[in-house]
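Residues per chain, in single letters:
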Amino acid sequence: MNAIEVRHLTRRFGAFTAVNDVTFDVAEGEIFGFLGANGAGKSTTIRMLCGLLRPTSGSAVVGGVDVSRDPEGVKRRIGYMSQRFSLYEKLTVDQNIAFFGGIYGLSGERLADRRAFALDMAGLRGRESTLTRALSAGWRQRLALGCAILHEPPIVFLDEPTGGVDPLSRRRFWRLINELASGGTTVLVTTHYLDEAENCQRIAIINAGRLAAMGTAPELKAQFGGGAPQPTLDDVFLTVVQQGAA
Ligand SMILES: Nc1ncnc2c1ncn2[C@@H]1O[C@H](COP(=O)(O)OP(=O)(O)O)[C@@H](O)[C@H]1O
Ligand SMILES: [Mg+2]
């Protein structure tokens, strides 16, 4: 059973093709990593999968819903943490949770439960009244994740969630991703930190809008390691990008 099915997905902006004929599946409960340099087309792909941007051609089915036919239906079934900071900086921690809870139609006991969950997950107990802009980047990212999953979506899209976050907070964030996935949530996450991609069950490398390679980290290392004795994902990435440029 696939949570996400993408076929020949393409997005053009005028004459420029940002996402070019991309095809892949993500299984339920999988952590799927989307790896690529800046401008490769990661965010554009995610925005199409979240029902926020219309594909030029091709199709994507997310949680059983076609993103072109029913973008609103997709939005209800997913959580989305955008690349740019997605919280309201002038609101407190609690006000942000209440705001996003309202967007997702939560109230009463359910909202109280999910608020408690988000506070615990982010490690923000005791800081409910702190202004969001006063939090460190790591805390803000954990709060942003908590707010993105208040409605317990089965599929979550995280667009460079650890950008600009210190290494310890990055590790802590990845523990949260792993916990989500072990609870059955499907996670599609983009990053340009190659070490983070090791946490993904499968990795897709996107280069200049095209899906240039896909597989588990060991598979990619065997195929694109360039014969190094113990190839890293850095070696893989370099090989794939050079092949794409050739
Ligand atoms: N709304 C837009 N109009 C024109 N070009 C865009 C738009 N959005 C993205 N692009 C271009 O598409 C390419 C891919 O962007 P993006 O998907 O944001 O890459 P990534 O997230 O991998 O860094 C970039 O060259 C970017 O400038
Ligand atoms: Mg991006």
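Anything mentioned here points back to the structure above.
Read on for an overview of the structure. Computed from a predicted model, the values in this text were never measured in an experiment.

Some points on the nonpolar core
Here's step 1: Core analysis: the biggest nonpolar cluster contains 44 residues, and L145, L158 and I203 have the highest contact counts within it.
Here's step 2: Looking at this core element by element, the count peaks at six residues for helix α6 (residues 167-182).
Here's step 3: Dropping the residues within four chain positions of it, L145 is found in contact with M81, M121, L158, F173, L176 and L180.
Here's step 4: Judged by nonpolar contacts, the second largest core, of 27 residues, contains I4, V6, A40 and V65.

As for the packing of aromatic side chains
Here's step 1: With the rule as written, the count across this model stands at six aromatic pairs.
Here's step 2: A ring pair is formed by F24 and F32, whose centres lie 5.1 Å apart and whose planes are at 10°; its orientation type is stacked. Neither residue differs from the other here; F24 and F32 are each classed as buried.
Here's step 3: For the pair F24 and F34, a centre-to-centre distance of 5.4 Å together with 50° between the ring planes defines the contact as tilted.

Examining the pattern of salt bridges
Here's step 1: Tallied over the full model, the rule gives 13 salt bridges.
Here's step 2: One salt bridge connects D120 with R125, and the closest N-O pair in it is separated by 2.8 Å.
Here's step 3: In this structure, the salt-bridge partner of R170 is D195, at a minimum N-O distance of 3.0 Å. Of this pair, R170 sits in helix α6 while D195 sits in helix α7 (residues 194-197), and the two are 25 residues apart along the sequence.
Here's step 4: For R170, a relative accessible area of 12% translates into the label buried.
Here's step 5: Residues participating in the shared-partner salt-bridge network are R110, R114 and E152.

So, helix α1 (residues 42-49)
Here's step 1: Counting buried residues along α1, six of its eight residues qualify, which places the element largely inside the surrounding structure.
Here's step 2: The complete set of buried residues in α1 reads K42, T44, T45, I46, M48 and L49.
Here's step 3: Looking one or two places after α1, you find G51, whose phi comes out positive at around 75°.

Section: the coordination of the magnesium ion (ligand 2)
Here's step 1: Surrounding the magnesium ion (ligand 2) are the protein donor atoms S43 (OG) and Q83 (OE1), at 2.1 to 2.2 Å. Note that S43 is positioned in helix α1 and Q83 in the loop between β6 (78-81) and α3 (93-103), a separation of 40 residues in sequence.

Criteria and thresholds
- Per chain, the residues get numbers from 1 upward, laid out in the order the sequence is written.
- Starting at A for chains and at 1 for ligands, labels are handed out in the order in which the entities are written.
- The model is predicted, so local features are restricted to residues of pLDDT at least 70 and side-chain atom pairs to those at 80 or more, both for listing and for counting; the totals for chains, interfaces and linings are taken over all residues.
- Note that water and hydrogens are dropped before the side-chain values are worked out from all heavy atoms of the structure.
- Take the buried Ala, Val, Leu, Ile, Met, Phe, Trp, Tyr and Cys residues and link them wherever side-chain atoms come within 4.5 Å; each set so joined is a nonpolar core.
- A 1.4 Å probe rolled over the protein chains alone gives each residue an accessible area, and that area as a share of the maximum for its type sets the label: buried under 20%, exposed over 50%, partly exposed in between.
- Secondary structure elements are taken from DSSP: a helix is a run of H or I of four residues or more, a strand is a run of E of two residues or more, and numbering for both begins at the N terminus.
- Whether two residues are in contact is decided by their heavy atoms: any pair within 4.5 Å suffices.
- Paired rings are identified among Phe, Tyr and Trp, the last through its six-membered ring, by centres lying within 6.5 Å, and are further divided according to the angle between planes into stacked (under 30 degrees), edge-to-face (over 60) and tilted (the rest).
- Between Lys or Arg on one side and Asp or Glu on the other, a salt bridge is scored when a side-chain nitrogen of the former is within 4 Å of a carboxyl oxygen of the latter.
- For Na, K and Ca the donor cut-off is 3.2 Å, and for all other metals it is 2.8 Å, counting N, O and S atoms only; because water is absent from this set, sites may look incomplete.

Keep in mind these numbers describe shape, not what the thing actually does.
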